[in-house]
Amino acid sequence: MIAIVSACLLGINCRYNGGNAADERLIEAVRSGRFVLIPVCPEQLSGLPTPRKTCEIVNGDGFDVLKGNAKVLTEDGEDLTEIFIKGAKEVLKIAKLVKAEIAIMKNYSPSCGCGTIYDGSFSGRKKRGYGVTSALLMLNGIKVICAEEFLQNYDHHRSS
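As a starting point, this report considers the structure included with it.

About the thresholds
- Within each chain, residue numbers correspond to sequence positions counted from 1 in written order.
- Two thresholds apply to this predicted model, a pLDDT of at least 70 for residue-level local features and 80 or more for giving and counting side-chain atom pairs, whereas whole-chain, interface and lining totals are computed over all residues.
- Each side-chain value is derived from all of the structure's non-hydrogen atoms; neither hydrogens nor water enter the calculation.
- Think of it this way: a Phe, Tyr or Trp ring, Trp meaning its six-membered ring, pairs with another when their centres are within 6.5 Å, and the plane angle makes it stacked under 30 degrees, edge-to-face over 60, tilted otherwise.
- Strands are runs of DSSP state E lasting at least two residues, helices are runs of H or I lasting at least four, and both sets are numbered from the N terminus onward.
- Three exposure classes are used, based on accessible area relative to the maximum for each residue type with a 1.4 Å probe and protein chains only: buried under 20%, partly exposed in between, and exposed over 50%.
- The criterion is that NZ of a Lys, or CZ of an Arg, lies within 6 Å of the ring centre and within 35 degrees of the ring normal, and then a charge sits over that ring.
- Helix axes are fitted to C-alpha atoms over the stretch in contact, other axes to C-alpha atoms as well, and angles between N-to-C directions run from 0 to 180 degrees.
- An angle below 35 degrees is treated as roughly parallel, one above 145 as roughly antiparallel, one from 65 to 115 as roughly perpendicular, and anything else as oblique.
- Handedness of each helix crossing follows the sense of rotation of the near helix against the far helix: counterclockwise by less than a right angle gives left-handed, clockwise gives right-handed.
- We call two residues in contact when some of their heavy atoms are within 4.5 Å.
- Under the convention adopted here, Pro, Cys and the residues Ala, Val, Leu, Ile, Met, Phe, Trp and Tyr are nonpolar, Asp, Glu, Lys and Arg are charged, and Gly plus all remaining residues are polar.
- For two strands to be treated as a pair, DSSP must find no fewer than two bridges joining them.
- Orient the strands so they point away from the viewer, and a crossover whose first-strand-to-second-strand path over the helix runs clockwise is right-handed.

### Notes on the packing of aromatic side chains
One pass over the full model with this rule turns up 3 aromatic pairs. With centroids separated by 6.0 Å and ring planes inclined at 75°, the aromatic side chains of Phe-63 and Tyr-130 adopt a geometry described as edge-to-face. Taken together, the positions of Phe-63 in helix H3 (residues 62-67) and Tyr-130 in strand S7 (residues 126-130) put the pair 67 residues apart, joining distant regions of the chain. Its relative accessible area of 22% is what places Phe-63 among the partly exposed residues. Positioned over the ring face of Tyr-108 is Lys-126, at 4.5 Å from the centre of the ring.

### A word on the packing of helix H4 (residues 81-98) against helix H5 (residues 132-139)
The geometry of H4 relative to H5 is characterised by a closest axis approach of 9 Å and an angle of 45° between their N-to-C directions. In terms of orientation, H4 and H5 fall into the oblique class. Like other packed secondary-structure pairs, H4 and H5 cross with a definite hand, here right-handed. Mapping the contact onto sequence places Phe-84, Ile-85, Gly-87, Ala-88, Lys-89, Val-91, Leu-92 and Ala-95 in H4 and Val-132, Thr-133, Leu-136 and Leu-137 in H5. Here the residues of the contact of H4 with H5 are counted per class, giving 9 nonpolar, 2 polar and 1 charged.

### What about the pairing of strand S2 (residues 36-40)?
Side chains on a regular strand alternate between the two faces of the sheet. Relative to S2, strand S1 (residues 2-6) runs parallel, the two being bridged by 5 bridges. Within the sheet, the bridge partner assigned to Val-5 lies in S2 and is Pro-39. Note on the crossover from S1 through helix H1 (residues 24-31) to S2: the handedness is right-handed.

Set out below in structure tokens:
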């Protein structure tokens, strides 16, 4: 199976704060050779620096951003909507190039959020929804799952 994966989950220091969200179980899935996981960071692919300002989707989720009904803003109000859409399009190009069957995404991110994102108030509250990249991938027929869902399937496959 070929999948794209949020690069931060594989230990690449690309998160907004310059760190990562490494998941050793995902890293082991790569090392095992059973899966090909292609790391991508939509925000870096869009040209944003690392570290960068915290962003959240305001007035919706990634689907709403793609429809023009919501924005991706920094906490101080800078509109980065077009930059986030650019990064999402670059990830989609990679996914199509490698014929990725799924995308394993980091939850809560305004780019990669896969079912839960921050609510746009910059208060730490979360809501149901998808990030911009996850939404674009889904609209293009790529299954988006969170790391935990992949790991449950991976552990199942490994034991069988």
